[in-house]
Amino acid sequence: MADQLLTYHFHKVIRVINSCETEEHIYAAKKMISYFVNYWKGKLKVEVLRHYLKYLNILFNYKKSSILNYE
């Protein structure tokens, strides 16, 4: 059950990041990443959480650079 919830939350954050179109959306996505980390901080091993966070940060930085360079 926890694995399904983790997968659901992870994919939800990915969908939010991918749907960003403005700078305001980017800041909301960054806040959502921090909520994700805070929620799962005590429930996952640190190494596992770092793995998820690493992927989210790569995706976030790519999307952020593409939006900020476009505007």
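Reference entry: report on the structure contained in this document.

1. A few points about the overall build of the chain
Secondary structure assignment for the chain yields three helices and zero strands. Written out in order from the N terminus, the α and β elements of the chain read α-α-α. With the C-alpha coordinates aligned to their principal axes, the bounding extent of the chain is approximately 40 × 20 × 15 Å. When the 71 residues of the chain are sorted by exposure, 28% land in the buried category. A sequence separation of at least 24 residues applies to 66% of the contacts in the chain between residues at least 6 apart. Counting 11 positive and 6 negative side-chain charges, the chain places the averaged centre of each group 9 Å from the other.

2. A word on the packing of aromatic side chains
Per the counting criterion, the structure on display carries five aromatic pairs. Geometrically, the ring pair formed by Phe10 and Phe36 is tilted, given 6.3 Å between the ring centres and 45 degrees between the ring planes. Of this pair, Phe10 sits in helix 1 (residues 2-18) while Phe36 sits in helix 2 (residues 23-40), placing them 26 residues apart in sequence. According to the relative accessible area criterion, Phe10 is buried, its value standing at 11%. Taking the relative accessible area as the measure of exposure, Phe36 reaches 5% and is therefore buried. On the numbers, 4.7 Å between centres and 75 degrees between planes, the contact of Phe10 with Tyr52 is edge-to-face.

3. A word on the nonpolar core
For soluble globular proteins, nonpolar side chains are generally found buried alongside one another. Counting residues in hydrophobic clusters, the biggest one holds 19 residues, and the most contacted among them are Ile17, Phe36 and Leu56. Elements with a minimum of two residues in this core: helix 1, helix 2 and helix 3 (46-70). Setting aside residues up to four positions removed in sequence, Phe36 forms contacts with Leu6, His9, Phe10, Val13, Leu49, Tyr52 and Leu56.

4. Regarding the side chain of Lys63
With respect to the helices and strands, Lys63 occurs in helix 3. Here Lys63 is buried and forms no salt bridge, its nearest opposite-charge partner Glu21 lying at an N-O distance of 7.3 Å. At a separation of 3.2 Å, a polar atom in the side chain of Lys63 contacts the main-chain carbonyl oxygen of Asn18. Here Lys63 is in contact with Ile17, Asn18, Cys20 and Ile26, once residues within four sequence places are set aside.

5. With respect to a nonpolar patch on the surface
A contiguous nonpolar surface patch, about 290 Å² in accessible area, is contributed by Leu5, Tyr8 and Tyr39. Positionally, Tyr8 belongs in helix 1.

Cut-offs and rules
- Residues numbered from 1 in each chain as written.
- Predicted model: local features only at pLDDT ≥ 70, side-chain atom pairs only at ≥ 80, totals over all residues.
- Heavy atoms only, no water.
- Helix = DSSP H or I, 4+ residues; strand = E, 2+ residues; numbered from the N terminus.
- Buried < 20%, exposed > 50% of the residue type's maximum accessible area, 1.4 Å probe, protein only.
- Contact = heavy atoms within 4.5 Å.
- Lys, Arg positive; Asp, Glu negative; His and termini not counted.
- Charge placed at Lys NZ, Arg CZ, Asp CG, Glu CD.
- Phe/Tyr/Trp six-rings, centres within 6.5 Å; stacked < 30°, edge-to-face > 60°.
- Core = buried A, V, L, I, M, F, W, Y, C linked by side-chain atoms within 4.5 Å.
- Salt bridge = Lys/Arg side-chain N within 4 Å of Asp/Glu carboxyl O.
- Polar contact = N/O pair within 3.5 Å; in protein donor to acceptor, adjacent residues only side chain to side chain.
- Patch = residues over 30% accessible without salt bridge, like charges linked within 9 Å, V, L, I, M, F, W, Y side chains within 5 Å.
- Areas by Shrake-Rupley, 256 points an atom, 1.4 Å probe, with all protein chains shown as cover.

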